[in-house]
Every structure is written in C-alpha cells, then in structure tokens.
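Working through the structure, step by step
What follows is the residue order along each chain.
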Amino acid sequence: MIRELHAKLLSGETTAVELAERYLATIREKDGSIGAYLTLTEKEALAQARAVDAKIAAGEKVGLLAGVPCAIKDNMCMEGVRATAGSKILDNYIAPYDATVVKRLKEEGAVILGKTNMDEFAMGSSTESSAYKLTKNPLDDERVPGGSSGGSAAAVAAGEAVWSLGSDTGGSIRQPASLCGVVGLKPTYGRVSRSGLIAMASSLDQIGPFASSVEDAAIILSAIAGEDKMDATSAQSADKRYEDYLSGDIRDLKIGIPREYLEGLNAEIRAVFDESVRKLTQLGARIEEISLPHSSYALATYYIIMTSEVSSNLARFDGIKYGLRSDDKRDTSKVEDGLPKNLLEVYLDTRRYGLGSEVKRRVMLGTYALSSGYYDAYYLKAQKVRALLRRDFEKAFAQVDMIYSPTCPETAFKFGEKSVDPLTMYLSDIYTVTANLAGIPAISLPIGRVEGLPVGGQLMAKWFDEEGLVNTAYALEKSLAS
Amino acid sequence: MLTKEEVVHIANLARIGINEEEAEKYRQEISAVLDYFSKLNEVETEGVEPIGHITGMENVLREDRNEDFGSLGREAILANVPEVKDGYVKVKSVL
C-alpha cells in the first residue's frame, strides 16, 4: 500500500495534504466508536504534508514514507505533544523532545496523524487497562483489539492510518496484529532505538511496525532501524533496505515447528495453522518438527523479569519532576484526600491515584522479586532460565532457518472476559514472550479466520535476520492470497 | 501466601499508598502470581550463567565528556514540573 501511495504522490494523482485530510476525515467519522486514538496531531500532520507536497512539486526526491499518514503509540515521545502511555500519571505530560523513531519519521516526511491508545504503560493484552478508554476491535465491536498496542493495531485495521508504530515487550505488537488481522513486526532486541520510548521492561522492549502488508512492514523497518548514540543497547546499523529482500523465494528453507506450541491448541486455530503449513510446503520450504524444551517456563520467567524491570523503571513517576502530583500547584482540581505534607506522602498519594491497578500489581510484584532476600530466588533464577531458553533457540536455529507457530492461542476475545483474573490474561502472551526473552525478531501475519475472526501466524528468525524473516512472511502472505 | 503486613511493606517500598481493603485484594492477587512463579524451581540451573545482555553486547563506551546544551529544552522541561521555584524543581521537605 505504501508503494502505491508513493507512486500516486509522485505522479500527482493525489497530494500529501489530500491524503492526510482523507485519513483525518475517516478518523472523525469512525474513531468515536473505535477509540484507536488518544491525541490527534492534525496541525503537525498537515504542516508535514504541505512540506512534502512542496518538495515533490520542486522535483526533490522523497522517500517511500513521505506524505503517507501514520500513527504512533502513545508511549513514544513527540516534541510538544502529550504523551500519556495510557496512564493518568502522565495526563498532563508534554514531551519536550522527539523519540529517535519519531525524529527519523519526521526526517522521512512521514505524516503522523496522532497518538494511539494502549494498556497503561503497555501492561496488558487487551488495551482494557488504558486509563482513558476502551479501543474496540474494528472487526467486531464487542471484542478487544488485543494489547498493549491495541490502538495502533485498530487504527490500521480500521483504515484510520496507513500504518503505525507499536512497542512489543512480550507480544504487544504481534498479539494485537493477530487479533485485528494486520501484520505486526517485532525486530531483534537493539535493532530499533528505544530512546524516547517510555520504558516498561528495558531488556525486552522493542519498537516495531503495524501494517496491512509484509512489504509495508519491511519499508517501515528500514526507516526506523539503526544504531543510535542515545540508546547504548542499540545494535550497529546494517543499513539494509528490508523491502529489497522480498523475492518470495523460500525453496529449501528449513522451517521448524515447535511441538510444545501445538500441545492443547484449539482445534479450529490448529486447522487454519495446518493449512498455512501446507502453503509453506508448496512454496518449497522444508518443514521439520523441533523442540524448545523450556517453553513451559517462558511465561513465568517473563513475568519475573518484566515485573522486576517495571518496578525499577516506574520509580521515576514520583510527582516531583513531571506528570501528575497529588497536590499539584498548577491544578487544584487534582487535590485528593487533603493535602500531603511531606515528601513520602507526596510519593504515596501520587502513585496511589496516578497508577491503575494492573500497573500497581506489577510494580509490587517486581518490588517483591527484587527485595532483599528474594533476588536470588526470583530475578537471578529467571535470568538463568532465560539463558536456557536462549540456548533452546540457539540449538533450534542450528537445525532450521525459521520457526513457525500460531501467534496466539485464541482469536479476539470479548471485553471483560479476561480482565477479572490477571493470570488468564497473561496466558494470551504464551507464544510471543519467548521471542522477547531470546531477543530474536518475529512477525505476525494474518493466515485465516475462525468464525469470522482473524488468526495470526508467527514466524521467528535468528538474531538480526530480519531480511529472512520478512521474505518468508512475504512468501506466505502471497501464497495465502492466491 | 503473603501476609497482609508483607503486602503493606512491599507497597511502602514501592511508594504506593494502599488501604486495608486494597492490601487484602493485592495479597490474594500477588500470592497467586508468586505461586505461578515457583514453577521455575523445577528447572535445574546449577552452573548456568544468567543473561546479561541478550544479544551478547558488552560495555558500550563513550567519551567521558560534558556536553553543554545551554538552555535547549529548558522551558519545555520546566513546564512539566509540578512545582518550580526560581527556575529550579522544588522538592517537598524531607523532614
């Protein structure tokens, strides 16, 4: 879709301003019921679109993303624009700088329409923990869009943006992509700079694209990937144009299917999955059963590491430097339960009223796991099991080039269905957390439907093999469409 | 199962104010997840090196040099501060 729009912009069939206005009109028409956006950046979008149109009119060369309307998750900073991360504690926070990804998109001429809804601080799998509103799945308004990047997934699925950015800590791009029937890509840890991304779990977080095709996802990845001195964990730039690797040829590629992921899988999802495996075989790939023996420990490992890092990262929301404060001098309507007098009371009250219950639960779990006397039993143990999980993948990738599984054990579920019991919600991430723990790249693409609801297939590749990953996904996507 | 006192202690460490009723709610929820965590005790990890950085990156260094940004971003940053005095972030009294 991006290439088509690019061609239309160059030929003069449309203009960036026209495109931006058309998408803004769709948002005005639909977003009242879908709820994908938290903040619209109409003024900035139109200014950017005019600048792109002027460049094209002047005969200057513009990149593929120039003039194409997109959306970004509300945990990424954009200078002068509110960034809430779905939390009340950042309700009045205006980002003083651009995240590296936003800076790169601006330089590319991308037209950012707004900031999308998300689970509070990206903690959730349904976007129901947003402090602001629910986002509905554009395919069925009684169902969740998945999460935590539910707004970004819904915006693309509803045609309220051509593409969007999300962040993925345990599946927060791939799971909503699966539930909304779009493509979602989580790059290798370090491939994309995290500078300006409001941190959740720093050893797991990674930014990536949502798009309506694998090619679009590849184009976006090329624009946002690369080393950044503002993020010491970012990997050396490869300067690859991932869209140049889409040959669609996967003959003799070895694809492993982890037997542990298929145990107890819902029969209807299994049938859709098996059909897609047949397509891969027809394309000439060699399918092998593989084992990832520590898979059943992945979710517990993930939750220990993630909550520990969360408790540390969220310590910065203290009511002193920015964000909500329980006795904020700027806004007397925010004063609750009498005025706190000393520093400790400001901390306790600010975090009590500013943070939602899922966030508090995770901060407390992580605080416990890192507290004196428990560190070895929880965090250290989990980092050791994580090493074993990585070893599972190293062994698997000595045998196969790519790993393939369903993205989620289910299709989109109904509002409230899982929000009662935190552990049930956590199980939504069961196939996705391993890629974050191992740091490898993974992509979810739509592979079929069960009772009208989309099912996602997940491909996982070796560290930094995004080109192989997108090409395999591209081949499968084409074969499913034919 | 955690005790209510333990939950109150954790909440204090995390600087999250909670009342009696919330303490009981979190006691049950957090205990259930901790039970789930104990699954890892089944895994033999003797002699396993814990993960430091997942892609094996080590010691990223930069020059130890002060960069003077002048007043760049100063106004935007201070506009986010709940209480400012004479251009400084005002902190509540500690005592």
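Residues numbered from 1 in each chain as written. Chains lettered and ligands numbered in written order. Predicted model: local features only at pLDDT ≥ 70, side-chain atom pairs only at ≥ 80, totals over all residues.

**Quick notes on the overall build of chain B**
Worth spelling out the cut-off: We count a stretch as a helix when DSSP gives it H or I for four or more residues in a row; a strand needs E for two or more, and each element gets its number in order from the N terminus. Put simply, the radius of gyration uses C-alpha atoms, and a globule should come to 2.2 Å times the residue count raised to 0.38. Residues with at least 20 neighbouring C-beta atoms inside 10 Å of their own are called buried, those with 12 or fewer are called exposed, and the rest are partly exposed, where every C-beta is derived from the backbone.
Helix and strand counts for chain B come out as 3 helices and 2 strands. Walking chain B from its N terminus toward its C terminus, one meets helices and strands in the order α-α-α-β-β. Here the C-alpha atoms of chain B give a radius of gyration of 23 Å, more than 25% beyond the 12 Å that 2.2 N^0.38 yields for 95 residues. With the principal axes as the frame, chain B shows a C-alpha extent of 55 × 45 × 25 Å. Out of the 95 residues belonging to chain B, those deemed buried represent 17%.

**A look at the interface of chain A and chain B**
Note the cut-off: A residue pair is marked as a contact if its C-beta atoms, positioned from the backbone, fall within 7 Å. All residues other than Ala, Val, Leu, Ile, Met, Phe, Trp, Tyr, Cys, Pro, Asp, Glu, Lys and Arg, Gly among them, are scored as polar; the first ten of these are nonpolar and the last four charged.
Of the residues lining the interface, 58 residues belong to chain A; the matching set on chain B comes to 40 residues. Where the side of chain A that touches chain B is concerned, the elements lending two or more residues are helix 10 (298–313), helix 11 (343–354), helix 12 (357–370), helix 13 (376–399) and helix 14 (422–426) of chain A. Here the side of chain A that touches chain B gets 11 residues from one element, more than from any other, and that element is helix 13 of chain A. Here the side of chain A that touches chain B is built from residues that sort into 32 nonpolar, 12 polar and 14 charged.

**Some points on the sheet that holds strand 5 (residues 183–186) of chain A**
Residues and elements named next belong to chain A. Quick note on the threshold: The rule for pairing is simple: two strands pair if DSSP sees at least two bridges between them. Geometry is summarised by axes, namely lines fitted to C-alpha atoms with helices restricted to the contacting stretch, and by angles between N-to-C directions that run from 0 to 180 degrees.
Pairing is mixed across the open sheet formed by 11 strands, whose spatial order is 1-3-2-4-6-5-10-11-9-7-8. Whereas interior strands pair on both sides, the edge strands pair on one side only; in this sheet they are strand 1 (37–40) and strand 8 (286–290). Pairs of neighbouring strands in the sheet enclose a mean axial angle of 30°, with direction left out of account. Relative to strand 3 (residues 111–116), strand 2 (residues 69–73) runs parallel, the two being bridged by 5 bridges. Opposite Cys70, over in strand 3, you have Ile112 as the bridge partner. Here helix 7 (residues 214–224) sits on the sheet in contact with strand 4 (163–168), strand 5, strand 6 (206–211) and strand 10 (442–450), set at roughly 145° to strand 6.

**Overview of helix 11 of chain A**
Selection criterion: Given the number of residues in a helix, its expected span is that number minus one, multiplied by 1.5 Å.
Between its terminal C-alpha atoms helix 11 of chain A stretches 16 Å, which fits the 16 Å expected from 12 residues at 1.5 Å a residue. For helix 11 of chain A, the set of buried residues is Val346(A), Tyr347(A), Leu348(A), Asp349(A), Thr350(A), Arg351(A) and Gly354(A).

**Notes on the nonpolar core**
What counts is decided by this rule: By our criterion, buried Ala, Val, Leu, Ile, Met, Phe, Trp, Tyr and Cys residues that link up through C-beta atoms within 7 Å make up a nonpolar core.
Core analysis: the biggest nonpolar cluster contains 169 residues, and Cys70(A), Val111(A), Leu113(A), Val183(A), Ala217(A), Met364(A) and Ile443(A) have the highest contact counts within it. When residues in this core are grouped by element, the largest group, 9 residues, is from helix 10 of chain A. Those residues in contact with Met364(A) that lie beyond four places of it in its chain are Ile10(B), Ala11(B), Ala14(B), Ile16(B), Tyr26(B) and Ile30(B).

**Here's the deal with the pairing of strand 11 (residues 453–461) of chain A**
Residue and element names in this part refer to chain A. With respect to burial, strand 11 is a largely interior element, 8 of its 9 residues being buried. In terms of strand pairing, strand 10 meets strand 11 through 8 bridges, oriented antiparallel. Pairing of Val450 across the sheet is with Leu453, part of strand 11. Counting the residues between successive antiparallel strands, the hairpin from strand 10 to strand 11 contains 2 residues, one of them, Glu451, with a positive phi of roughly 50°.

**Quick word on helix 4 (residues 100–108) of chain A**
Residue and element names in this part refer to chain A. Along helix 4, the residues classified as buried are Thr100, Val101, Val102, Lys103 and Leu105. The inward-facing, buried residues of helix 4 abut strand 2, strand 3, strand 4, strand 6 and helix 7. Of the residues flanking the end of helix 4, it is Gly109, one or two places downstream, whose phi is positive at about 85°.

**Structural notes on unusual backbone geometry**
Residues and elements named next belong to chain A. In the segment running from Gly147 into Ser148, the intervening peptide bond is cis, with an omega of 10°. As for its placement among the helices and strands, Ser148 is situated in the loop between strand 3 and helix 5 (150–157). Non-glycine residue Ala85 carries a positive phi angle of around 55°. Considering the arrangement of structural elements, one finds Ala85 in the loop between strand 2 and helix 4. According to the C-beta neighbour criterion, Ala85 is buried, with 31 such atoms within 10 Å.

**Points about the confidence of the model for chain B**
As a reminder, the rule being used: Every residue carries a pLDDT, the predictor's confidence in it, which falls somewhere between 0 and 100.
Overall, the predicted model of chain B reaches an average pLDDT of 91, with 99% of residues at or above 70. Predicted complex, confidence summary: ipTM 0.95, pTM 0.96.

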